[in-house]
Amino acid sequence: MPFSNLSSPRKVHGLDAEIRGAAYLASPGLVAMVSTDPVRLGVCPIGGAGAKTTNLSLSSAHDVALLSKDVAVVRSDDAVWALLGITHGPKLDQVGRDARQLAMRPSGETALSLGWDGSATELKLDKTEVNGRTFAVRGAARAFDVTDTETHAVMDGAGEGGELRVHPGATPEPGPTLRASLPRAAQNLDRVRGGPKLTAVYKRGASAACAVVRSSGKLAAKMLAFSDPVADVAVLESSLFACFADGRVALFDGAAIEAASGAPLAPTASVALGARGEPAVLVAAGKGSPTLWVGTSAGEIWSLAIVRKQGG
């Protein structure tokens, strides 16, 4: 059944510093968030208590990915660092440079970074080490997102607003199986969240996003308008989730997206977080009974369950 509501939020953990990045590892079910100034890594089990904080000797942090329960990678400015042995005083090892984005993968084992020069680097866990393999990307990539089975790439120069390409596997090296030209209004959107039914192209702080709906083996793109600028976005099944600077977290279901016109989109459901600071990052975790996780500018980590519509 489709999603219809959001539960009351609960505070799970805190890092006491501005949260910049979030990641999800499906097995064993962990959410990680990284803060900056100071840099701290918070790892929270999805199903219960036992969250842990690790201090990291880095100057800043922007993105994080979990390769396993004990290994993460963090983008600090242009450098990418592997954190080996998260729970036991991690060893830091630089595994990438000149990176402007780091994309997590829910199944772990690999992550993908996008370089300022247009190249990409696959960061792969090899027993107790993380190895980086840099390769050329066909075209000018603007953003990546990696799911369990696909890589979603937003490319410049393929249309007025760019092009979304969906590639099989954990990198964009295989040829795309699906493509969609993006509207001109999407030309400045620099982040992407992908899924098998819905992909969102967006920009933090913008009040518009591009929804790309997959149906019958084809992609169709349309612009969405929001009443306020979004802090971050997540997608799950046919629904889009957004958090806003005023503390709201909103659900927009497939029907709302399908009916969207030029007017600001009315949320299917919305809740107030009630947190210190503004929402900064958002990640959707789980499939059968999924949860949303929100990190704030004050370092708080909150979770809320996503409620499915009941049959009847």
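Bear in mind the structure is a predicted one, so any value in this text is a computation, not a measurement.

### Some words on the pairing of strand β9 (residues 79-84)
Across the 6 residues of β9, 5 count as buried, placing the element largely inside the fold. Inspection of the sheet shows strand β8 (residues 71-76) paired to β9 by 6 bridges, in the antiparallel sense. Each bridged residue has a counterpart across the sheet, and for A72 the counterpart in β9 is L83. If you look at the hairpin formed by β8 and β9, you'll find 2 residues sitting between the two strands, and D77 has a positive phi there, around 55 degrees. Relative to strand β10 (residues 91-96), β9 runs antiparallel, the two sharing 5 bridges. Bridging from a neighbouring strand, L83 pairs with L92 of β10. What sits between β9 and β10 in their antiparallel hairpin is a turn of 6 residues, with G85 showing a positive phi close to 80 degrees.

### With respect to empty space enclosed by the protein
Summed over all chains, the structure comprises 1 cavity of 30 Å³ or more. Lining the largest cavity we find H152, L164, V166, G195, L198, T199, V212, R214 and L219. Elements supplying a minimum of two residues to the lining of the largest cavity: β17 (163-168), β20 (198-202) and β21 (208-215).

### Structural notes on the pattern of salt bridges
If you walk through the whole model with that rule in mind, you get 18 salt bridges. Between R133 and E122 there is a salt bridge, with the nearest N and O atoms lying 2.9 Å from each other. Of this pair, R133 sits in strand β14 (residues 129-135) while E122 is found in strand β13 (residues 120-126), placing the two residues 11 residues apart along the sequence. Note on E122: relative accessible area 11%, which makes it buried. Residues D228 and R248 are paired through a salt bridge, measuring 2.9 Å at the closest nitrogen-oxygen approach. Here D228 is found in the loop between β22 (218-225) and β23 (230-236), whereas its partner R248 is found in strand β25 (residues 248-252), with 20 residues between them in sequence.

### A closer look at the pairing of strand β4 (residues 30-36)
Two faces belong to every sheet, and in a regular strand the side chains alternate between them. Taking burial as the measure, the 7 residues of β4 include 7 buried ones, the bulk of the element. Burial along β4 is two-sided: the face carrying L30, A32, V34 and T36 and the face carrying V31, M33 and S35 are both buried. Here 7 bridges tie strand β3 (residues 18-25) to β4, and the two strands are oriented antiparallel to one another. In the strand pairing of β4, E18 is matched with T36. The antiparallel pairing of β3 with β4 creates a hairpin that spans 4 residues between the two strands, and G29 there sits at a positive phi of about 95 degrees. Sheet topology places β4 next to strand β5 (residues 40-45); 5 bridges connect them, and they run antiparallel. By the bridge assignment for β5, V34 is matched with L41. Between β4 and β5, which pair antiparallel one after the other, the connecting turn spans 3 residues, and D37 there sits at a positive phi close to 55 degrees.

### Remarks on the sheet that holds strand β18 (residues 178-181)
In spatial order, the strands read β15-β16-β17-β18; together these 4 strands make up an open sheet with antiparallel pairing. Edge positions in the open sheet fall to β15 (140-146) and β18, since each of these has one partner strand only. Across this sheet, the average inter-strand angle for adjacent strands is 20 degrees, counted without regard to direction. Pairing of β15 with strand β16 (residues 150-156) involves 6 bridges; the strand directions are antiparallel. Within the sheet, the bridge partner assigned to F144 lies in β16 and is A153.

### Observations concerning the packing of aromatic side chains
A full pass over the atoms with the stated rule returns 3 aromatic pairs. An aromatic cluster is defined as three or more aromatic residues linked by ring pairs; in this entry it consists of F226, F244 and F252. One residue, R248, lies across the ring of F244, its end atom 4.4 Å from the ring centre.

### Quick notes on the layout of surface pockets
Of the voids in this model, the largest pocket is the one considered here, and its volume is about 860 Å³. Contributing to the lining of the largest pocket are 41 residues, with P106, D145, G194, V235 and A284 lying nearest its centre. Secondary-structure elements contributing two or more residues to the lining of the largest pocket are β3, β7 (63-66), β11 (99-103), β15, β19 (191-193), β23 and β27 (279-285). Counting residues per element, the lining of the largest pocket draws most heavily on β23, at 5 residues. Residues belonging to the lining of the largest pocket are distributed by class as follows: 21 nonpolar, 8 polar and 12 charged. Its boundaries defined by the atoms lining it, the second largest pocket holds a volume of some 260 Å³. If you go around the second largest pocket, you meet 16 residues; those closest to its centre are E18, R20, R204, A231 and A280. Elements supplying a minimum of two residues to the lining of the second largest pocket: β3, β23 and β27. Partitioned by chemical class, the residues of the lining of the second largest pocket number 8 nonpolar, 2 polar and 6 charged.

What counts and how
Residues numbered from 1 in each chain as written. Predicted model: local features only at pLDDT ≥ 70, side-chain atom pairs only at ≥ 80, totals over all residues. Heavy atoms only, no water. Buried < 20%, exposed > 50% of the residue type's maximum accessible area, 1.4 Å probe, protein only. Helix = DSSP H or I, 4+ residues; strand = E, 2+ residues; numbered from the N terminus. Pairing = 2+ DSSP bridges. 1 Å grid on protein atoms, 1.4 Å probe; cavity = no way out; pocket = protein on both sides within 12 Å on 5 of 7 lines; lining within 4 Å. Points joined across faces, edges and corners; volume = space filled by probe spheres on them. Salt bridge = Lys/Arg side-chain N within 4 Å of Asp/Glu carboxyl O. Axes fitted to C-alpha atoms, helices over the stretch in contact; angles between N-to-C directions. Phe/Tyr/Trp six-rings, centres within 6.5 Å; stacked < 30°, edge-to-face > 60°. Lys NZ or Arg CZ within 6 Å of the ring centre and 35° of its normal. Nonpolar A, V, L, I, M, F, W, Y, C, P; charged D, E, K, R; others polar.

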